[in-house]
Each structure stands twice: as C-alpha cells, then as structure tokens.
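Residue-level structure breakdown
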There are 2 protein chains.
Amino acid sequence: MTPAEFPYNPYGVSRARFAVVPRVLVFVTRDDALLLLQRASHKKLWPGLYNPPGGHIERDETPDEAAVRELQEETGLQVQSLHLRGLLMAHAQNDLPGVVVFIYHAQAAGTLHKINDEGTPHWIPFAALDAIPTLPDFNQLRALVLEQPDFFTLYKIAHSDGSESVRVVYQRS
Amino acid sequence: MTPAEFPYNPYGVSRARFAVVPRVLVFVTRDDALLLLQRASHKKLWPGLYNPPGGHIERDETPDEAAVRELQEETGLQVQSLHLRGLLMAHAQNDLPGVVVFIYHAQAAGTLHKINDEGTPHWIPFAALDAIPTLPDFNQLRALVLEQPDFFTLYKIAHSDGSESVRVVYQRS
C-alpha cells in the first residue's frame, strides 16, 4: 500500500469478499408499552406485520445516528436516550450479502406520526404483544432486549446445505 | 414476499445497499505478553508491521468460529476462552464497502508456528509494545480491549468531503 492510496481504502477492503448490510432496530419503551410500526400494506416484505422502527445505516453515519434518524422519520419521536443492547448477524444463502443489525433500547419524546410511507406507529401495551402479528425474529429479540441485562450477539447462519445455525452469546462486563 | 422466496432472502437484502465486510481481530494474552503477527514482507497492505491475528468472516461461520479458525491458521494456537470485547465499524469513501471488525480477547494454548504466509507470530511483552511498528488503529484498540472493562463500539466514518468522524461508545451492563 502506498500513502497515496490511504484515504481511499485504508482497510484494504475488497468488493469480492462476503459483506453484510448494516441496519438498526430500535426498541422504544414508555411506561408499559413498546413502540411498533405496523408495516404499510404496499410493502413487498412483511406487509401489515408489526416490528420496531429501524432501517439501513447509510455510508456517512454511525449506527447511533441512523437509529435517531430512522426513529424520527418513521414515528416522529425524538430520541432522549439510546443504549446499544446487542447485535443480530444473519448470513444469507447463495451470493447475497448478509445483514448486521445494531439493536437499541431507547427512550423518546414527542407525538407519533399518524401514518407514513413505511407504516403506522403504535404504542402496544406489553400485555398485548403476544396477540399481534410480528416479524419472525421479533419475539426472540424482544426477550433479549427487554428481559435480560447483558449485551448479546445473535447469529443466524444459513448454510449452503439448507440447514441453519442459530446461536446467542452474552457479553458480561 | 411469497413463502417460496423465504429461504433465499429472509431479510430482504438488496445488493444495492451500503455494505460492510465482516472481520475478526483477536487479542491473545499470556502472562505479560500479547500475541502479534508481524505481517509478511510480500503483503500488499502494511508489510512488516505488527497486528493481532485476524481475518475475514466467511459466509458459513459466526464471528466466534472465524476467530478460532484465524488464530489456528495464523499462529497454530488453540483457543481456550474467547470474549467479544467490542466492535470497530469503519466506513470507506467512494463506493467501497466498509468494514465491521469483531474484536476479541482470548486465551489460547499451544506452540507458535514459526512462520506462515500471513506472517510470523510473536509474543510481545506489554513493556515492548510501544517500541514496535504497528497498524494505525492498534494502540487505540489495545487500550479499549486491555485497559478498560466495558464493551465498546468504535466508529470511523470517512465523509465524502474528506473529513472523518471518530467516535467511541461504551455499553455498560
């Protein structure tokens, strides 16, 4: 590596390597309720199902910044506190990129949007969470974020033979 | 999404999105020494410099599995304990992927390889670490891994205007 290349590729990254798309997912709680977005009926993926707000991390922002932005865009709320609780790393089959999801627990202030292009935000009482249709990973992630104290990493690896590995590791300080 | 698509792209990942290449970096300590690899002189990136062992996470393995494999391949040691201490996320400029590095502290047993294609492993006494040529992020990462107890996330974002954001966030349980 020559100094002239340094600003452009300091980590020597190759486009040919397996990569993961970075995302955020934000669990916002208030009193005994969790903020979920009911996905718009026109969404190609999971129309009508409930999931916490979130989205892609852009090239010029940190995961924290993406969490603040996505929460504002999708729900209208302003983040008051933000705590990284864990990661989900999921590898896809074939030649698709995987995902790495930075998963937050947040407190937030403000009034909910009534509706937006992504869906409609709702405060769902904890007692009602089991009764609504949610995305496949939601219940496992909810337990990891809200019902245990440790930083977690959840790995889901889809192998080429069709099997899947699922593993949770807890990082205790 | 139709059920038939489910096994192939469960997270609806798009190749068009910003992605990060996942890697591991493993700080192995024994008594008062740290295991470092002196990079081979034929390496295009950072020839001759010292850095902990590590490498790419492959599609079919978790970060933990990659850490165990890379340590064995590069140094000959077998992992005895492995603790995820933090993450480095670095976004490149232009249209390159970024990197996300899972950073471990490990204990390991066995006898060091004399040399291999990646370089030569050495036990470096802590007192000598400041005297050897290391990669640019090494000193900051060493302090985060070995000199403070919390899980950390280190973000380095290269912006399109040439500026760089560097931010460390600590996650206390």
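What counts as what
Residues numbered from 1 in each chain as written. Chains lettered and ligands numbered in written order. Predicted model: local features only at pLDDT ≥ 70, side-chain atom pairs only at ≥ 80, totals over all residues. Helix = DSSP H or I, 4+ residues; strand = E, 2+ residues; numbered from the N terminus. Buried ≥ 20, exposed ≤ 12 C-beta atoms within 10 Å, placed from the backbone. Contact = placed C-beta atoms within 7 Å. Core = buried A, V, L, I, M, F, W, Y, C linked by C-beta atoms within 7 Å. Pairing = 2+ DSSP bridges. Least-squares fit on C-alpha atoms with pLDDT ≥ 70 in both. Nonpolar A, V, L, I, M, F, W, Y, C, P; charged D, E, K, R; others polar. Expected span 1.5 Å × (residues − 1). pLDDT = per-residue confidence, 0-100. Arc of directions from axis to C-beta.

Quick notes on the overall build of chain A
Tallying secondary structure elements over chain A gives 2 helices and 9 strands in all. Traced from its N-terminal end to its C-terminal end, chain A shows the element sequence β-β-β-β-α-β-β-β-α-β-β. Within chain A, the proportion of its 173 residues that are buried is 39%. Excluding contacts between residues fewer than 6 apart, the proportion of contacts in chain A whose partners are at least 24 apart in sequence is 64%.

Notes on the nonpolar core
Generally speaking, a soluble globular protein has its nonpolar side chains buried in company with each other. In this structure, Ala67(A), Tyr104(A), Ala106(A) and Tyr104(B) are the most contacted members of the largest nonpolar core, which totals 84 residues. Setting aside residues up to four positions removed in sequence, Tyr104(B) forms contacts with Val24(B), Val26(B), Phe27(B), Ala67(B), Leu82(B), His83(B), Leu84(B) and Arg85(B).

Quick look at the pairing of strand 9 (residues 164-171) of chain A
Looking at chain direction, strand 8 (residues 151-158) of chain A and strand 9 of chain A are connected through 8 bridges and run antiparallel. Note on strand 9 of chain A: the bridge partner recorded for Thr153(A) is Val169(A).

A short note on unusual backbone geometry
Residue and element names in this part refer to chain B. In this structure, Asp31 is a non-glycine residue whose phi angle is positive, near 50 degrees. As for its position among the elements, Asp31 is in the loop between strand 1 (20-30) and strand 2 (33-39). Take Asp31: there are 7 C-beta atoms within 10 Å of it, and that puts it in the exposed class.

Observations concerning the relation of the copies chain B and chain A
The transformation that overlays chain B on chain A combines an axial shift of 0.0 Å with a rotation of 180 degrees, and the residual RMSD is 0.0 Å. One copy is carried onto the other by what is essentially a two-fold rotation axis. In this assembly, 100% of the residues forming the interface of chain B have copies in chain A that are likewise at the interface, indicating an isologous arrangement.

Quick word on the interface of chain B and chain A
If you look at the interface, chain B gives 47 residues, while chain A gives 47 residues. The greatest single-element share of the side of chain B that touches chain A, amounting to 4 residues, is contributed by strand 8 (residues 151-158) of chain B. When its residues are assigned to classes, the side of chain B that touches chain A shows 24 nonpolar, 12 polar and 11 charged.

As for helix 1 (residues 63-75) of chain B
Residue and element names in this part refer to chain B. Taking 1.5 Å per residue as the helical rise, helix 1 with its 13 residues ought to reach 18 Å, and the 18 Å between its terminal C-alpha atoms agrees with that figure. Contacts made by the buried residues of helix 1 are with strand 1, strand 2, strand 4 (54-56), strand 5 (78-91), strand 6 (98-109) and strand 7 (119-125). Phi for Gly76, located one or two positions after helix 1, is positive at around 85 degrees.

Side note on the environment of Ala92(A)
The residue Ala92(A) is located in the loop between strand 5 (78-91) and strand 6 (98-109) in this model. C-alpha separation for the pair Ala92(A) and Ala158(A), spaced 66 residues apart in sequence, amounts to 5.7 Å. In this structure, Ala92(A) is in contact with Pro97(A), Gly98(A), Ala158(A), Asn9(B), Tyr11(B) and Val13(B), ignoring residues within four places of it in sequence.

A closer look at the environment of Gly98(B)
By the element assignment, Gly98(B) lies in strand 6. The residues contacting Gly98(B), other than those within four sequence positions of it, are Val20(B), Met89(B), Ala90(B), His91(B) and Ala92(B).

Focus: the pairing of strand 1 (residues 20-30) of chain A
Residue and element names in this part refer to chain A. Of all 11 residues that make up strand 1, 9 are buried, and the element is covered over most of its length. Across 9 bridges, the pairing between strand 1 and strand 6 is parallel. Counterpart to Val26 in the pairing with strand 6 is Tyr104. Both strand 1 and strand 4 (residues 54-56) contribute to a ladder of 3 bridges, which runs antiparallel. When the bridges of strand 4 are listed, Leu25 appears paired with Gly54. Relative to strand 2 (residues 33-39), strand 1 runs antiparallel, the two being bridged by 2 bridges. Along strand 2, the bridge assignment pairs Thr29 with Leu34. Between the end of strand 1 and the start of strand 2, which pair antiparallel, lie 2 residues, with Asp31 showing a positive phi angle near 50 degrees.

Here's the deal with the confidence of the model for chain A
Note that predicted coordinates carrying low pLDDT should not be read in detail. All names here are of chain A. For chain A, per-residue confidence averages 89 on the pLDDT scale, and residues scoring 70 or more make up 94% of the total. Per-element confidence in chain A ranges from a low mean pLDDT of 88 for strand 9 to a high of 97 for strand 1. Among the scores for the predicted complex, ipTM is 0.85 and pTM is 0.89.

Describing the environment of Pro47(B)
With respect to the secondary-structure elements, Pro47(B) resides in the loop between strand 2 and strand 3 (50-51). For Pro47(B), the residues in contact, after removing those within four places along its chain, are Arg39(B), Ala40(B), Ser41(B) and His42(B).

Points about helix 2 (residues 138-146) of chain A
Residues and elements named next belong to chain A. Along helix 2, the positions that sit buried rather than exposed are Leu141, Leu144 and Val145. One face of helix 2 carries all of its buried residues, which in axial projection span an arc of 95 degrees. Exposed positions of helix 2 whose direction lies more than 90 degrees from the buried face are Asn139 and Ala143. Packed against the buried residues of helix 2 are strand 1, strand 5, strand 6 and strand 8.

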